[in-house]
Amino acid sequence: ASVLITDGDHQVMKNLRYNVELNGLQLADAATLKSSNATISCPQLIWGKNHAIKFVEWYGKQDVIFATDCVYIPQSVSPLFETINELLDPSGLFLFVNTCASACPMEDVLNIATEFGFVSSDDELWYHDDDREKKKHPVHVFRRRKEV
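Keep in mind the model is a prediction, meaning the values are calculated, not measured.

Caption draft 1: Quick peek at the overall build of the chain. Each helix and strand counted, the chain has five helices and six strands in total. For the chain, the sequential pattern of α-helices and β-strands runs β-α-β-α-β-α-β-α-β-α-β. For a compact globule of 148 residues, the expected C-alpha radius of gyration is about 15 Å, and the chain comes in at 16 Å, within 12% of that figure. With respect to the three principal axes, the spread of C-alpha positions in the chain is 40 × 40 × 25 Å. The buried share of the chain, taken over its 148 residues, is 34%. Partitioning the intrachain contacts of the chain with sequence separation of at least 6 by distance along the chain shows that 70% fall at a separation of at least 24.

Caption draft 2: Representation of unusual backbone geometry. The phi torsion at D69 lies on the positive side, around 50 degrees, for a residue other than glycine. Note that D69 resides in the loop between β3 (62-68) and α3 (77-87). Among the residues examined, D69 registers a relative accessible area of 23% and is labelled partly exposed.

Caption draft 3: Representation of the nonpolar core in the model. Of all hydrophobic cores here, the largest spans 25 residues; its most connected members are L80, F81, F94, F96 and F142. Put simply, the parts of the chain that give this core at least two residues each are α2 (49-59), β3, α3, β4 (88-97) and α4 (106-115). The biggest single contributor to this core is α3, with five residues. Once residues lying within four places of it in the same chain are set aside, the contact partners of L80 are W47, C70, V71, F94 and F96.

Caption draft 4: Here's a closer look at the sheet that holds strand β5 (residues 118-120). Read from one edge to the other, the open sheet built from four strands follows the order β3-β4-β6-β5, with strand pairing classed as mixed. Taken across any chain shown, the strands that pair with only one partner, and hence form the sheet edges, are β3 and β5. Geometrically, the sheet is characterised by an average inter-axis angle of 25 degrees between neighbouring strands, direction not taken into account. Direction of pairing for β3 relative to β4: parallel, over a ladder of six bridges.

Caption draft 5: Up close: the packing of α2 against α3. The N-to-C vectors of α2 and α3 enclose an angle of 30 degrees; their axes lie 8 Å apart at closest approach. One element, α2, and the other, α3, form an angle in the roughly parallel class. Helix-helix and strand crossings are classified by hand; for α2 and α3 the assignment is right-handed. Contacts from K49, A52, I53, F55 and V56 in α2 reach E82, T83, E86 and L87 in α3. Taken together, the residues of the contact of α2 with α3 sort by class into five nonpolar, one polar and three charged.

Caption draft 6: Inspection of helix α1 (residues 10-22) at higher detail. For α1, spanning 13 residues, the distance from its first C-alpha to its last is 18 Å, which sits close to the expected 18 Å at 1.5 Å a residue. Two to three positions downstream of the cap, the backbone nitrogen of Q11 sits 2.9 Å from a side-chain oxygen, assigning the N-cap of α1 to D9. With its phi angle positive at about 75 degrees, G24 sits one or two positions after the end of α1.

Caption draft 7: Region of the structure containing the side chain of N98. With respect to the helices, strands and loops of the structure, N98 is situated in the loop between β4 and α4. The class of N98 is buried, set by a relative accessible area of 19%. A polar atom in the side chain of N98 sits 3.5 Å from the backbone nitrogen of C70. At 3.0 Å, the side chain of N98 forms a polar contact with the backbone oxygen of V71. Those residues within four positions of N98 in sequence are excluded, and the remaining contacts are D69, C70, V71 and H137.

Thresholds, definitions, all that
- Counting of residues starts from 1 at the beginning of each chain's written sequence and follows it residue by residue.
- Reporting in this predicted model follows two pLDDT cut-offs: at least 70 for local features of residues, and 80 or more for side-chain atom pairs to be given and counted; totals over whole chains, interfaces and linings ignore these cut-offs and use all residues.
- As a convention, hydrogens and water are excluded, and side-chain values are obtained from all of the structure's heavy atoms.
- Secondary structure elements are defined from DSSP: runs of H or I of at least 4 residues count as helices, runs of E of at least 2 residues count as strands, and each element is numbered from the N terminus.
- Taken over C-alpha atoms, the radius of gyration is set against a globule rule of 2.2 Å times the number of residues to the power 0.38.
- Only protein chains enter the accessibility calculation, which uses a 1.4 Å probe; a residue whose area is less than 20% of its type maximum is buried, one above 50% is exposed, and one in between is partly exposed.
- Only heavy atoms matter for contacts: two residues are in contact if any of them lie within 4.5 Å across the pair.
- Only buried residues count toward a nonpolar core, which is a set of Ala, Val, Leu, Ile, Met, Phe, Trp, Tyr and Cys residues joined through side-chain atoms within 4.5 Å.
- Two strands form a pair only when DSSP identifies at least two bridges running between them.
- Note on geometry: axes are lines fitted to C-alpha atoms, helical ones only across the stretch in contact, with angles between N-to-C directions running from 0 to 180 degrees.
- Here the angle decides the label: under 35 degrees means roughly parallel, over 145 means roughly antiparallel, 65 to 115 means roughly perpendicular, and every other value means oblique.
- Left-handed describes a crossing whose near helix is turned anticlockwise from the far helix through less than a right angle; right-handed describes the clockwise counterpart.
- Note on residue categories: nonpolar means Ala, Val, Leu, Ile, Met, Phe, Trp, Tyr, Cys or Pro, charged means Asp, Glu, Lys or Arg, and polar means any other residue, Gly included.
- Take the number of residues in a helix, subtract one, and multiply by 1.5 Å to get its expected span.
- Here a polar contact is recorded for every N or O atom pair within 3.5 Å, except that within protein the pair must consist of a potential hydrogen donor and a potential acceptor, and residues adjacent in sequence are included only if both atoms are side-chain atoms.

The following block contains the structure:
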């Protein structure tokens, strides 16, 4: 198994790579990820369909994508789901949590997810133990809608 840690900002990417190395882990790039002992890579990922298609050429489809605190404004939700739609394996899971101050209501995220063919069930919301009773900061589990 391998892990990709991404961001769109160059400075954040430098910090991510530094933290991986600080923890004694070996970094791989796209060319060596599958052939080396390294299991972590930190590539830049710019949201949008065209960027995601190129990303898949290098890193393939993903089984699980976890996004946290990455949506600050409603206008960023569509590019996020364009990206997820291209990157996620057909049977994959997209886990989404937004704990930061955001001007984007979760209802907007759920509506746009539906437009891209993703569904999230209230039965599958995950909570950190401290947040469970308050129903605060749920992790939304998105799957592709099954065709009937």
